[in-house]
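Residues per chain are reported as follows:
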Amino acid sequence: MRTVNPHRPGRRRYDWGAYLYLVPAFAFYLVFLLRPVLESVWISLFEWNGITASTWVGTQNLVDVLTSTEIWRAVGHSLVFIVFYAVIPTVLALVFIGVISRFRVRGLAFFRAALFVPYILSTVVVAIAWRWIFAEGGPLNAVLRGVGLGGFARAWLGDFDTALPSVGVIGTWVMFGLAFVLFVSGLQSIPGDLFEAARIDGAGPVREFFAVTLPGLRGEIQVALVLMITAALRNFDIVWNTTSGGPGTSTTVPSYYIYREAFVTHHVGRASAIAVMLTVIIFVAVGLTMRLTRDPEAGDR
Amino acid sequence: MNGRRSEQLLGYGLLTLGTLIALYPFASIAMLALTPGDQRTGGLGIPKTITFDNFVIAWTRGGFGQALWSSLIVAIAVVVGASLVSLLAAYAFQTMRFPGRGALLAILLVGLIMPYEGLIIPLYYLLDGMGLLNTYWALILPQIATSVSLGVLWMRQAFASVPHSLAEAASIDGASRWATLWRIFVPVSGPAIATLGTLLFLYTWNEFLMALVLVPQNPAVQTAPLALSFFAGSTRNFDPTVTAAAAVTVALPILVVYVIFQRRFITGITAGAVKE
């Protein structure tokens, strides 16, 4: 404790040199992230085909988008995807955690690594693998026929009734590993004496889960939900590479329209309006998730 | 005692079932890829004879050698670039006092949630204007920007755990701030930097939307997921075995890296996420 820490100078003194260290990061951030985000809002105020001069239309694009049944249908699909991408994986992973928290699992590192594989694969690879599984002559139908349920066999991703939940199942498969890995790391940080205390009090597995495990995982559940809900609301890659929104419009999502309107049909203003809408939806969803899962003892912020 | 046994049975049963489901889809396309194209698999079918022809066809027709190379170049450039600018900024945030510090940190948080869809359209026209569409730069520059938020917050956390005594000792020895960063902070944070690098590598390697929008017309710079998507789209109806071989080819490098570094991947995802 000899001298003052030179990196913590006196209260009044500022380190103007700090900005030199910040410039590179913020230059990238400003030019390639913040500015484009704001520009999206600006472009949404024009009618523009991306090539010739644009026409100012004010909030017309946004109004059109907000009153379009096509777009709301896509948003509805996204909400269904939240169930498959976020709710089901969370519940399933919690069931797994509830069971394995009762004893010392041997080979947990192996199981954890294996269950996480779906999350690290490229979404395009995932889409191709599941296209095969769901195909008319693919493994799923082979199993159904094998057990005498051949009547249910179909091209799962090509059927109006099953395409949406089938894409959803792919999401569940991808996200389960993420939830599981996060919850395992949360479980390992819950102090062991909490479990012992619950057991001494005679709590059964269910009581113990709700009294110790679930509250102990609050932070991890919050993070998992934020990541998974964001993925569900975006969900471009898997939709694009499995169904491309079809059959008909049965699996469309907002990001699908953003890409199509901007780069295929060249309604750039309208595409930007959808992009702005999706961004707002995602920020609201994240805010709500954080609020609903915040620490009750941390008080109001 | 009996209750404990059944709990263990249930636990291992669930984990085993989960593992089989997690690994099956990749295993099934791997089997499909090894099946001769004229042999019908009947769905589940384990191939009666094995062939590597599908891989040869996919490799030559799909140009996956070039695509994997492009993925590697882009991912390494983004990892190096983003780590570098992030650790510089994190050093300032963690060790210096300056006006606007809190506001700048808050602005960085936006990038953690921001969906790419919200910036991809202006990004396209920006890069078009710079003449960089369909080049590696179109993938590298924006992805450094989108990695900065995670990078800075991550490195700030790592630098926070560097012992004060070390930094003090360096400054007593007359080391400049710049030298202290490179001689003390960076070496001590080696593992954290490596984990960040692994994480960014994975995200960049797998990024699809940016590649689809920003390098659609130049096969020479298209990354593996994009090349795979185009390849699968054009052969969708008539060559499932070749498509499967292409998918396995694209997945294998990342799987190998994952098997080697899986601990780093997993601690990265969990720590990175929770530290938000």
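Residues numbered from 1 in each chain as written. Chains lettered and ligands numbered in written order. Predicted model: local features only at pLDDT ≥ 70, side-chain atom pairs only at ≥ 80, totals over all residues. Heavy atoms only, no water.

(A) Geometry of the overall build of chain B. Within chain B, the regular secondary structure consists of 12 helices and 0 strands. For chain B, the sequential pattern of α-helices and β-strands runs α-α-α-α-α-α-α-α-α-α-α-α. Relative to its length of 276 residues, chain B is extended, with a C-alpha radius of gyration of 23 Å against a globular reference of 19 Å. In terms of overall dimensions, chain B has C-alpha extents of about 75 × 70 × 35 Å along its principal axes. For chain B, the residues scored as buried account for 57% of the 276 residues in total. Long-range pairs, those at least 24 residues apart, make up 72% of the contacts in chain B with a sequence separation of at least 6. In the structure as shown, chain B presents an accessible area of about 11,400 Å², 66% of it carried by carbon and sulfur atoms. If the 14 positive side-chain charges of chain B are averaged to one point and the 10 negative ones to another, these points end up 9 Å apart. (Helix = DSSP H or I, 4+ residues; strand = E, 2+ residues; numbered from the N terminus. Rg over C-alpha atoms; globule rule 2.2 N^0.38 Å. Buried < 20%, exposed > 50% of the residue type's maximum accessible area, 1.4 Å probe, protein only. Contact = heavy atoms within 4.5 Å. Areas by Shrake-Rupley, 256 points an atom, 1.4 Å probe, with all protein chains shown as cover. Lys, Arg positive; Asp, Glu negative; His and termini not counted. Charge placed at Lys NZ, Arg CZ, Asp CG, Glu CD.)

(B) Region of the structure containing the overall build of chain A. Within chain A one finds 13 helices and 2 strands. Computed over its C-alpha atoms, the radius of gyration of chain A comes to 24 Å, more than 25% above the 19 Å expected for a compact globule of 301 residues. Taking the principal axes of its C-alpha atoms as reference, chain A extends roughly 80 × 70 × 30 Å. Put simply, chain A has 301 residues, and 55% of those count as buried.

(C) Focus on the packing of aromatic side chains. The tally for this structure, following the rule as stated, stands at 41 aromatic pairs over all chains. Ring geometry for A:Phe116 against B:Tyr258: centres 6.4 Å apart, planes inclined by 40°, an arrangement best described as tilted. With A:Phe116 in helix α4 (residues 108-120) and B:Tyr258 in helix α12 (residues 240-275), this residue pair bridges two chains. Judged by its relative accessible area of 0%, A:Phe116 falls in the buried class. (Phe/Tyr/Trp six-rings, centres within 6.5 Å; stacked < 30°, edge-to-face > 60°.)

(D) Expanded view of the environment of B:Pro36. All names here are of chain B. Topologically, proline 36 is positioned in the loop between α1 (2-34) and α2 (53-62). Between the C-alpha atoms of proline 36 and lysine 48, which are 12 residues apart in sequence, the distance is 9.0 Å. The contacts of proline 36, once residues within four sequence positions are left out, are Thr49 and Thr51.

(E) Expanded view of the nonpolar core. A:Phe180, A:Phe183 and B:Leu214 are the most contacted members of the largest nonpolar core, which has 201 residues in total. A total of 16 residues in this core trace back to one element, the largest contributor, which is helix α3 (residues 64-95) of chain B. There are two domains that each give this core at least three residues, and those are domain 1 (1-51) and domain 2 (62-275) of chain B. The residues contacting A:Phe180, other than those within four sequence positions of it, are A:Ala93, A:Phe96, A:Ile97, A:Ile100, A:Leu108, A:Arg112, A:Leu115 and B:Leu15. (Core = buried A, V, L, I, M, F, W, Y, C linked by side-chain atoms within 4.5 Å. Domains from an automatic or database assignment.)

(F) Representation of the interface of chain A and chain B in the model. The partner chain B presents 98 residues to the 101 residues of chain A that form the contact. Around 9,000 Å² of area is buried between chain A and chain B when both sides are counted, 74% of it from carbon and sulfur atoms. In this structure, the salt-bridge partner of A:Asp15 is B:Arg177, at a minimum N-O distance of 2.5 Å. Sort the elements by how many residues they give to the side of chain A that touches chain B and helix α1 (residues 18-43) of chain A lands first, with 18 residues. Each residue belonging to the side of chain A that touches chain B can be placed in one class, and the counts come to 70 nonpolar, 18 polar and 13 charged. (Buried area = accessible area lost by both parts, 1.4 Å probe. Salt bridge = Lys/Arg side-chain N within 4 Å of Asp/Glu carboxyl O. Nonpolar A, V, L, I, M, F, W, Y, C, P; charged D, E, K, R; others polar.)

(G) View of the side chain of A:His77. Within the secondary structure, A:His77 sits in helix α3 (residues 69-100). By relative accessible area, which is 8% here, A:His77 ends up buried.

(H) The domain arrangement of chain B, seen in detail. Residue and element names in this part refer to chain B. Domain boundaries in chain B define domain 1 (1-51) and domain 2 (62-275). On a C-alpha basis, the centroid separation for the pair domain 1 and domain 2 is 33 Å. In this assembly, 7 residues from domain 1 lie in contact with 8 residues from domain 2. When domain 1 packs against domain 2, the two sides together hide about 600 Å² of surface, and 87% of this comes from carbon and sulfur. Among the residues of domain 1 in contact with domain 2, Phe26, Leu32 and Ala33 are the three that bury the most area, contributing 65% of the side total. Connecting domain 1 to domain 2 are 0 salt bridges. For the side of domain 1 that touches domain 2, the residue count by class is 5 nonpolar, 2 polar and no charged.

(I) Region of the structure containing unusual backbone geometry. Residue and element names in this part refer to chain A. Of the consecutive residues glycine 246 and proline 247, the connecting peptide bond is found in the cis state with omega at -5°. Relative to the helices and strands, proline 247 resides in the loop between α11 (237-242) and α12 (254-263). Phi is positive for histidine 266, close to 60°, though the residue is something other than glycine. Along the chain, histidine 266 turns up in the loop between α12 and α13 (268-292). The partly exposed category is assigned to histidine 266, whose relative accessible area is 36%.

(J) Just helix α9 (residues 205-216) of chain A, in detail. Residue and element names in this part refer to chain A. Burial in α9 covers these residues: Glu208, Phe209, Val212 and Thr213. Around the axis of α9, the buried residues are gathered within 125° of arc, so they sit on the same side. In α9, those exposed residues whose orientation departs by more than 90 degrees from the buried face are Val206, Arg207, Phe210 and Ala211. Those residues of α9 that are buried lie in contact with α3, α7 (163-188) and α8 (192-200). (Arc of directions from axis to C-beta.)

(K) Region of the structure containing the pattern of salt bridges. The final tally for this structure, using the stated rule, is 12 salt bridges over all chains. With a shortest N-O distance of 2.9 Å, A:Arg234 and B:Glu117 are connected by a salt bridge. With A:Arg234 in helix α10 (residues 218-234) and B:Glu117 in the loop between α4 (101-113) and α5 (120-129), this pair bridges two chains. Residue classification places B:Glu117 among the buried residues on the basis of a relative accessible area of 2%. With a shortest N-O distance of 3.8 Å, A:Glu261 and A:Arg260 are connected by a salt bridge.

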